[in-house]
Amino acid sequence: MPSSGPDKKSLIGLGADEMSAALAAAGIPDKNVRMRVRQLWNWIYVHGARDFDAMTNLAKDFRAQMAEHFTLGRPEIVTEQISTDGTRKWLLRTGPGIEFETVYIPEEDRGTLCVSSQVGCTLTCRFCHTGTQKLVRNLTPAEILGQVLVAKDALDDWPSTAPGRSVTNVVMMGMGEPLYNFDNVKTALVILTDGDGLALSKRRVTLSTAGVVPMIARAGAEIGSGLAISLHAVRDELRDEIVPINKKYPIKELLEACRTYPGASNSRRITFEYVMLKDVNDSLADARALVKLLAGIPAKINLIPFNAWPGAPYECSDWAQIEKFAEIVNKAGYASPVRTPRGRDIMAACGQLKSESVKERASTRLAAEKSAQLARMPH
Ligand code: SAH
């Protein structure tokens, strides 16, 4: 994190065990470690403390000891944009070339934060803007949770337990494929949903995947959040083309993993996302096939009008067609809300996120590090 000193570690994003180990290494006596972790978590995640001095009920010398070893550094805000519809988008940075976006979508009955899991993406879905940005790297738990903390700071949304909080839901639907960064996403979501952490109910957290089939069961067992699947096509031939991970894990295997997803039930339905691409996947025959395909799975269908971006090879389906498609799905008994596009004017809508970050070649990076090192040396 940029605000951390050169040798200090941020305590953000450390799981309980990791934080215990860090405190022990900083000289906190074993018998106090558990209590200290609880106190620190409470200050960090319930009260949003940004520095140790804010932790007014903890002894001064303990606070000083913490400040000597650790920081509570958050990602730096590069830009904040506010859409005419109230959607907000932050571009955050945690190091040279490590930039990623987070989007807050206020609605009448909830406020949803859309969080990124990677800088760039490996999946190259044809209709997705992020898919045109090569993977730079996975985000760390500190960077994933940092997005939540920055948004809550900006929205003045502390303490986390206050009634009427702004961030009521979190969706892992920003940049990247969360199941290709499983360990870090898991650590972050466990803290997000821990009663001593940010205390968001698992029902209010949704992880969206393009279909990394081997990780779906683990996500259910170890994270236990809601699941969303970026389906987008009902035939392998088309899905191979628009969601290329389908070549590795075809529709049948994907749906099998959904059928056995731990915790899926009528009250905890799996969301199937379906982007409406004009004359590509939006025929009424497709709608009927979709309904058939999902038979037997506790499902919700989320129709997403395609959000355009510069150079995109598709158009959004006509509104009348989306309505007809939705009617077939609804008649078959599926709730199928059409996702109202939010934040299009600031390129914050689904699939529009992208940062300028590019992966540096190792040689360029090494050269830059070396010259920085030289610059730090006494002359
Ligand atoms: N990689 C994960 C997380 C991204 S979620 C996944 O694929 O599920 C973002 C959602 O927006 C996905 O359903 C994605 O397919 C969809 N999407 C991508 N580009 C879009 C666009 N241009 N218009 C509408 N939806 C889009």
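Preceding block: the structure.
Below is a short write-up of the structure. (Residues numbered from 1 in each chain as written. Predicted model: local features only at pLDDT ≥ 70, side-chain atom pairs only at ≥ 80, totals over all residues. Heavy atoms only, no water.)

**Let's talk about the site of the ligand**
- Within the structure, the ligand sits among 21 residues, and F127, S208, S230, H232 and N307 are positioned closest to it.
- In the model, an oxygen atom of the ligand is placed 3.2 Å from a nitrogen or oxygen of the E273 side chain.
- Expressed as a share of its isolated accessible area of 540 Å², the protein-covered part of the ligand is 95%.
- Among the elements of the structure, strand 10 (205-209), strand 12 (270-276) and strand 13 (299-305) are those that each provide at least two residues to the shell around the ligand.
- Looking at the shell around the ligand, its residues break down into eleven nonpolar, eight polar and two charged. (Near = heavy atom within 4 Å. Polar contact = N/O pair within 3.5 Å; in protein donor to acceptor, adjacent residues only side chain to side chain. Areas by Shrake-Rupley, 256 points an atom, 1.4 Å probe, with all protein chains shown as cover. Helix = DSSP H or I, 4+ residues; strand = E, 2+ residues; numbered from the N terminus. Nonpolar A, V, L, I, M, F, W, Y, C, P; charged D, E, K, R; others polar.)

**Quick notes on the sheet that holds strand 3 (residues 76-82)**
- Here we have nine strands laid out as an open sheet, ordered 3-4-5-6-9-10-11-12-13, and mixed in their pairing. Unpaired on one side and paired on the other, strand 3 and strand 13 mark the two borders of the sheet. Put simply, the sheet's adjacent strands are angled 20 degrees from each other on average, direction ignored.
- Examined bridge by bridge, strand 9 (residues 169-172) and strand 10 share three bridges and lie parallel to one another. Within the sheet, the bridge partner assigned to M172 lies in strand 10 and is L207.
- Where helix 4 (residues 141-154) meets the sheet, its contacts fall on strand 3, strand 4 (88-95), strand 5 (98-106), strand 6 (111-114) and strand 9, and the angle it forms with strand 4 comes to roughly 130 degrees. (Pairing = 2+ DSSP bridges. Axes fitted to C-alpha atoms, helices over the stretch in contact; angles between N-to-C directions. Contact = heavy atoms within 4.5 Å.)

That's the geometry; what it means functionally is another story.
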